[in-house]
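# Structural features, examined
Here is what each chain is made of, one letter per residue.
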Amino acid sequence: MLLPDRCSIKEQGNQCVNPPEFVISVSSTDGEYMVGVTCNKHRETIHQKLNDLQKTGSIPQGQIKFEQLKPIGTDCIKSDPDDLIQLKSVRDLL
């Protein structure tokens, strides 16, 4: 599965330029649903927004989970050392 190359958050109409550090999902009785990706800077912002969306019934009730992304390299997927440094560094929603 391919993931977006940037955080899912927009601030003041501008897309966050940070690379994703976490996959966000909601684990409910029906299953687990991927919601988006976020950088560490926006982790709390998106957590609060998802709580608000759960209260209004816009997304399923359940545990909000943040799974840390880990860069890998294989024979067919080459990783660039500069990308690895960028991943480790650290606006309207969705």
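In what follows, the accompanying structure is described. (Residues numbered from 1 in each chain as written. Predicted model: local features only at pLDDT ≥ 70, side-chain atom pairs only at ≥ 80, totals over all residues. Heavy atoms only, no water.)

Moving on: the overall build of the protein chain. Looking only at helices and strands, the protein chain features two helices and five strands. Along its sequence from the N terminus, the protein chain presents helices and strands in the succession β-β-β-β-α-β-α. The burial tally for the protein chain puts 30% of its 94 residues in the buried class. Accessible area of the protein chain: about 6600 Å², with a carbon and sulfur share of 49%. (Helix = DSSP H or I, 4+ residues; strand = E, 2+ residues; numbered from the N terminus. Buried < 20%, exposed > 50% of the residue type's maximum accessible area, 1.4 Å probe, protein only. Areas by Shrake-Rupley, 256 points an atom, 1.4 Å probe, with all protein chains shown as cover.)

This part is about unusual backbone geometry. Here Gln12, not a glycine, exhibits a phi torsion of approximately 50°, which is positive. With respect to the helices and strands, Gln12 occurs in the loop between strand 1 (10-11) and strand 2 (14-15).

For the structure on display, the rule yields one salt bridge. The partner of Glu32 in a salt bridge is Lys65, and the shortest N-O contact between them spans 3.5 Å. You can see Glu32 sitting in strand 4 (residues 31-38) and its partner Lys65 sitting in strand 5 (residues 63-68), a full 33 residues away along the chain. (Salt bridge = Lys/Arg side-chain N within 4 Å of Asp/Glu carboxyl O.)

This part takes up the pairing of strand 3 (residues 22-28). Within strand 3, six of the seven residues are buried, which leaves the element mostly enclosed by the surrounding structure. Strand direction decides the pairing type here: strand 3 and strand 4, joined by seven bridges, are antiparallel. What sits directly across from Ile24, in strand 4, is Gly36. Sheet topology note: the strand 3/strand 5 ladder contains six bridges and is antiparallel. Along strand 5, the bridge assignment pairs Phe22 with Gln68. (Pairing = 2+ DSSP bridges.)

Turning to the packing of aromatic side chains, a few remarks are in order. By the definition in use, this model includes one aromatic pair. With centroids separated by 6.3 Å and ring planes inclined at 85°, the aromatic side chains of Phe22 and Phe66 adopt a geometry described as edge-to-face. One end of the pair, Phe22, is in strand 3; the other, Phe66, is in strand 5, and 44 residues separate them in sequence. Like Phe66, Phe22 is buried. The positively charged end of Arg43 is found above the aromatic ring belonging to Phe22, 4.6 Å away from the centroid. (Phe/Tyr/Trp six-rings, centres within 6.5 Å; stacked < 30°, edge-to-face > 60°. Lys NZ or Arg CZ within 6 Å of the ring centre and 35° of its normal.)

Strand-to-strand pairing in sheets goes through backbone hydrogen bonds, with the strands running parallel or antiparallel. Reading across from one edge, 4-3-5 is the order of the three strands in this open sheet, with antiparallel pairing throughout. The sheet terminates laterally at strand 4 and strand 5, the two strands that pair on one side only. Taking each pair of neighbouring strands and ignoring which way they run, the sheet shows an average axis angle of 30°. Across the sheet, helix 1 (residues 43-55) is in contact with strand 3, strand 4 and strand 5; its angle to strand 5 comes to roughly 155°. (Axes fitted to C-alpha atoms, helices over the stretch in contact; angles between N-to-C directions. Contact = heavy atoms within 4.5 Å.)

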